[in-house]
Amino acid sequence: MTPGIPIFSPMMPYGTGLTPQPIQNTNSLSILEEQQRQQQQQQQQQQQQQQQQQQQQQQQAVAAAAVQQSTSQQATSQQATQGTSGQAPQLFHSQTLTTAPLPGTTPLYPSPMTPMTPITPATPASESSGIVPQLQNIVSTVNLGCKLDLKTIALRARNAEYNPKRFAAVIMRIREPRTTALIFSSGKMVCTGAKSEEQSRLAARKYARVVQKLGFPAKFLDFKIQNMVGSCDVKFPIRLEGLVLTHQQFSSYEPELFPGLIYRMIKPRIVLLIFVSGKVVLTGAKVRAEIYEAFENIYPILKGFRKTT
Amino acid sequence: LRRVRDLCRVLQLPPTFEDTAVAYYQQAYRHAGIRAARLQKKEVLVGCCVLITCRQHNWPLTMGAICTLLYVDLDVFSSTYMQIVKLLGLDVPSLCLAELVKTYCNSFKLFEASPSVPAKYVEDKEKMLSRTLQLVELASETWLVTGRHPLPVITAATFLAWQSLQPAYRLSCSLARFCKLANVDLPYPASSRLQELLAVLLRMAEHLAWLRVLRLDKRSVVKHIGDLLQHRHSLVRSAFRDGTGEVETLEKEPLGQGQGQGEGEVGNNSLGLLQGKRPASPALLLPPCMLKPPKRTCPTPPVSTVTGEEDISDSEIEQYLRTPQEVRDFQRAQAAKQAAPSVANPP
C-alpha cells in the first residue's frame, strides 16, 4: 500500500524537462510580455472579428442565395469561418467557454510607478491564477568603491555590530526601509530584508550615506539585485506525495527532512517550496517577473492535485 | 568502499544492494568536491549511497536509522544527501510507507510473552500489522501523513491497532508505556498524531448508526476501531466533506471561519441531546495545519510608493551616528570589558 496512489488524480503528463506542463508558454518570452502582446492582438482581432462578422453575414446571404451553385464555394466560406475563429489566441477566451475568470480578479501585478518597475501586465486570462505572490525579501549588493575600516565603523555608528571572531563584516541596520546590511572591509556591501527592489536600492543608498558620514569616500557602484523571495497561498491543500510522483525530475519531497516539497523549476530558474497547506514560497529570482511567471507555471499543476476524492 | 559494504551487511541488505551502493559511492567520489570533502562528510556519504539504494528497491530504511548507525546529526546527513542526489542527478523514490509499517511493526517486542510483556499484551503479528496498515492508510487519506515525518504516525497507528485488538485489557496502557514494553523509541510527535487519529475516528463514529448513540469519546472509540476500519471508505466520504474548494469561501466570510467545524460541533452537542438521531454535518477534510486558526493575521502590505531615488536627509543619517561623547563612553566601556577578565573571580 502506498498512501498516495488510490487518492491522486490521473497522472499529469511530463513536460519537456524545462518548463512544467500544462502551461501554454510560448518561445522565450516572459509571461508578462506574452500577455501584453496577446492583449494587443486580441484588441486588433476583436476589431477584425467585428468586420469579419459583417462580412460573414454578407457571405452567408450570398451563399444562401447561391445554394444551388457549386459546393466548393460553400466549403470556402465555411473554411473561412472556421479559420477566423481559430485565429483567436488561446489565452483569451470568448464568452462561450465554460470556464469563467476568477471572481474579484484585478490587474495581477500591482506595482509602484517607478522607472525600475516592470510593466504591469494586462488583465489576466482565464488560466491565470488571480493570485499575486507577495515579495518578502530582496537581497542586493553594491560596491562602495573604497576600503573600509570596520572597527571605526563599529565604533562610530550606533546601529552597527562587529565581532571579527564570528564574522568578518559589520552588521548594520536601519529602521526605514527595515533592512540589514553586511559591510565588508573590501567596500562591498550586501543589503537584505527589503520588500521591493526600490526599497532595497533606497536602503543601500542610506547605508552608503552612513559610511560616507563616517568619513569614507563611499560611492554607489554596481548596485544589483541578487535574489528575490516571494510567497503566496493557493488556498487549497496539496497532495505532495502525488506531486513528487508526477514531477519527479523537478521535485524533492523528503518529509523526514522537511515538510515541504522543493520544486526546482528550470524555466524560469526558480526554486519553489510547496507545502501541504497550499502555501508556496518562491526564491531565486533576479527580477520580479520571474516570481510571477514561476507561480503562473506551477498553479495549474497544483490545481491538478486539488480534488482528492 | 569497505564501509559501504559493512553498512549493507549490518543492515542485512541483499547482496545486490552492496554493489549498487558501492557504484554510487564510486560515482560520487569522481567529483572533486567530494574527494576534497572532510572525512565526516565521506562517512555520511556512505550512508547516503546505502539509503538511495534502499529507496530504489523499496527497502524501508529511514534516515533516522542511518544517522543512528553512523552517529551523525540529521542536519549533516540532510545536506550531504541533498547534495549527492543533485550531483548525481538521481531520481530517488519516496519512502515506501507500507514496507516501513511492516518492518517497524516487526521490531515491536509484543508478539511473544516475556517477563517484561504481560500475557494479555501479547498480540498476533499478522492481525496487528493488518490493522496498523489500515490505520496508516486512513491517516494518509485524512491528511495526517502529508508533510509529516512518517514514523510517529506509524507509531500512533500501531498503538491504536494494538489497543483495539483487546481493548478491555489494554485501554489503561499509555502510548509511552506501550513503546517501553515493545522496546521501541517513542518519537516525540507520536502523541499528537495519536490525538489527531482519534479525532478522525470519532468523526467517523458519528456517522455509524450503532455508534452514534453511544456518544463515544477518545477512549471509548478505540473499542470500535475494527468496525470503523471495516467501513472506513464510506465513513470518510460521509463524515468529511472535501475542504479543497471551501477554504476560500470560509475565509471570505468574516464569521464563517470554522463555521463548518462549528456546525459540526454544535450539531454534535444538540444532537447528543436528541440521542444522536441525526449525524453531525460533515467536517472539512483538510490538513490539521489548515484547520487551526491562524496564529496571527497577515495584513496586506500597503502598496509602496518608494522609487529608490528619494533624497536622503542628513538628519535621518545622523540618527545612526554616535556623538563624540557616546564614542568616548563606548571606548571606555570596551576598555573596561577587556580589562575585566584579568581580575580573578571572587570565591
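How each quantity is defined
- Sequence positions are assigned chain by chain, starting from 1 and proceeding in written order.
- Each chain takes a letter, starting from A, and each ligand takes a number, starting from 1, following the order in which they are written.
- Only residues with pLDDT of at least 70 get local features here, since the model is predicted, and only at 80 or more are side-chain atom pairs given and counted; chain-wide, interface and lining totals rely on the full set of residues.
- Excluding hydrogens and water, the side-chain values take into account all heavy atoms of the structure.
- Counting from the N terminus, the helices are the DSSP runs of H or I reaching at least four residues and the strands are the DSSP runs of E reaching at least two.
- Relative accessibility decides the category of a residue: with a 1.4 Å probe and only protein chains considered, values under 20% of the type maximum give buried, values over 50% give exposed, and everything between is partly exposed.
- Residue contacts are counted whenever heavy atoms from the two residues lie within 4.5 Å of one another.
- Accessible surface area values rest on a Shrake-Rupley calculation with a 1.4 Å probe, where residue burial reflects the displayed protein chains alone.
- Two parts placed together each lose some accessible area; with a 1.4 Å probe, that loss summed over both constitutes the buried area.
- Each salt bridge in this description consists of a side-chain nitrogen of Lys or Arg and a carboxyl oxygen of Asp or Glu lying within 4 Å of one another.
- Two N or O atoms form a polar contact when they lie within 3.5 Å of each other; inside protein one atom must be a possible hydrogen donor and the other a possible acceptor, and for residues adjacent in sequence the pair counts only when both atoms belong to side chains.
- A helix is expected to span 1.5 Å for every residue after the first.
- UniProt positions are given in the numbering used here, feature names are shortened, and annotations may be inferred rather than shown by experiment.
- All axes here are fitted lines through C-alpha atoms, helices being fitted over the stretch that makes contact, and every angle between N-to-C directions spans 0 to 180 degrees.
- Small angles under 35 degrees read as roughly parallel and large ones over 145 as roughly antiparallel, with 65 to 115 read as roughly perpendicular and the rest as oblique.
- For any pair of crossing helices, the crossing counts as left-handed if the nearer helix is rotated counterclockwise from the farther one by less than a right angle, and right-handed if it is rotated clockwise.

> Even after reading the chapter, I still don't get the overall build of chain B, so can you show me in this structure?
For chain B, the helix and strand inventory stands at 20 helices and two strands. Split into buried and exposed, the 347 residues of chain B put 47% on the buried side. Nonlocal contacts in chain B, meaning residues at least 24 apart in sequence, comprise 68% of its contacts between residues at least 6 apart. Here chain B has roughly 18800 Å² of accessible surface; of this, 54% comes from carbon and sulfur atoms.

> In this structure, what is going on with the interface of chain B and chain A? I would like to understand it.
Accessible area lost during the coming together of the parts is what is often quoted as the interface size. Taken together, the contact between chain B and chain A spans 60 residues of the former and 52 residues of the latter. Where chain B abuts chain A, roughly 5200 Å² becomes buried across the two surfaces, and 57% of that area is made up of carbon and sulfur atoms. Joining chain B to chain A, the criterion identifies eight salt bridges. A salt bridge links D314 of chain B to R209 of chain A; the shortest N-O distance between them is 3.8 Å. There are 23 residue pairs in polar contact (both at pLDDT 80 or more) connecting chain B and chain A. Breaking the side of chain B that touches chain A down by element, the ones donating at least two residues are α5 (63-70), α6 (74-88), α7 (97-106), α8 (125-141), α16 (247-252), α18 (288-291), α19 (314-318) and α20 (324-339) of chain B.

> Can you help me understand helix α4 (residues 197-213) of chain A in this one?
Given 3.6 residues to a turn, an α-helix orients residues that are three or four positions apart in the same direction. Residue and element names in this part refer to chain A. When the terminal C-alpha atoms of α4 are compared, their 24 Å separation across 17 residues agrees well with the 24 Å that a helix rising 1.5 Å per residue should span. Within α4, 13 of the 17 residues are buried, which leaves the element mostly enclosed by the surrounding structure. Just downstream of α4 lies G215, where phi reads positive at about 105°.

> Looking at this structure, I do not really get unusual backbone geometry. What am I missing?
Working note: non-glycine residues mostly have negative phi, and peptide bonds are mostly trans. Omega for the peptide link from E176 of chain A to P177 of chain A comes to -5°, which places this bond in the cis form. Locating P177 of chain A in the fold gives a position in the loop between β3 (170-174) and β4 (179-183). At the junction of K267 of chain A and P268 of chain A, the peptide bond is cis and its omega measures out at 0° in the coordinates. Position of P268 of chain A among the secondary structure elements: in the loop between β8 (261-265) and β9 (270-274). In the Ramachandran plot, D222 of chain A falls in the positive-phi region, its phi being about 55° despite a non-glycine side chain. In this fold, D222 of chain A is placed in strand β6 (residues 221-233). By relative accessible area, which is 63% here, D222 of chain A ends up exposed. A positive phi angle, near 55°, is found at N58 of chain B, a position not held by glycine. Summarising the element assignment, N58 of chain B is placed in the loop between α4 (39-56) and α5.

> Whenever I open this one, the UniProt feature "domain: BRF2-like C-terminal" (unreviewed entry) in chain B confuses me. Can you help?
With numbering aligned to this structure, UniProt lists the feature "domain: BRF2-like C-terminal" (unreviewed entry) at residues 96-233 of chain B. Its end C-alpha atoms 22 Å apart, residues 96-233 of chain B is made of 59% helix and 0% strand.

> Explain the packing of α7 of chain B against helix α9 (residues 150-165) of chain B to me, please; I cannot follow it from the model alone.
Packed helix pairs are specified by the crossing angle of their axes together with the interaxial distance, meaning the distance between the axes. All names here are of chain B. In contact at an axis separation of 10 Å, α7 and α9 are set at 55° when each is read in the N-to-C sense. The angle between α7 and α9 falls in the class oblique. Two packed elements cross with a definite hand, and for α7 against α9 that hand is right-handed. On the side of α7, the interface is formed by L97, L100, V101, Y104 and C105, while α9 contributes P150, L151, I154, T155 and T158.

> Can you help me understand the packing of helix α1 (residues 2-10) of chain B against helix α2 (residues 15-29) of chain B in this one?
All names here are of chain B. For the pair α1 and α2, the least separation of the axes is 9 Å and the interaxial angle reads 145°. Note that α1 runs across α2; the crossing there is right-handed. Contacts between α1 and α2 involve V4, R5, C8 and R9 on the former and, on the latter, F17, E18, D19, A21, V22 and Y25.

> Can you help me understand the pattern of salt bridges in this one?
For the structure on display, the rule yields 23 salt bridges over all chains. For K213 of chain A, the salt bridge goes to D314 of chain B, with nearest N and O atoms at 3.1 Å. Residue K213 of chain A is located in helix α4, and its partner D314 of chain B is located in helix α19; the two belong to separate chains. Owing to a relative accessible area of 38%, D314 of chain B belongs among the partly exposed residues under this scheme. A salt bridge links E18 of chain B to R5 of chain B; the nearest nitrogen and oxygen atoms lie 3.3 Å apart. Note that E18 of chain B is positioned in helix α2 and R5 of chain B in helix α1, a separation of 13 residues in sequence.

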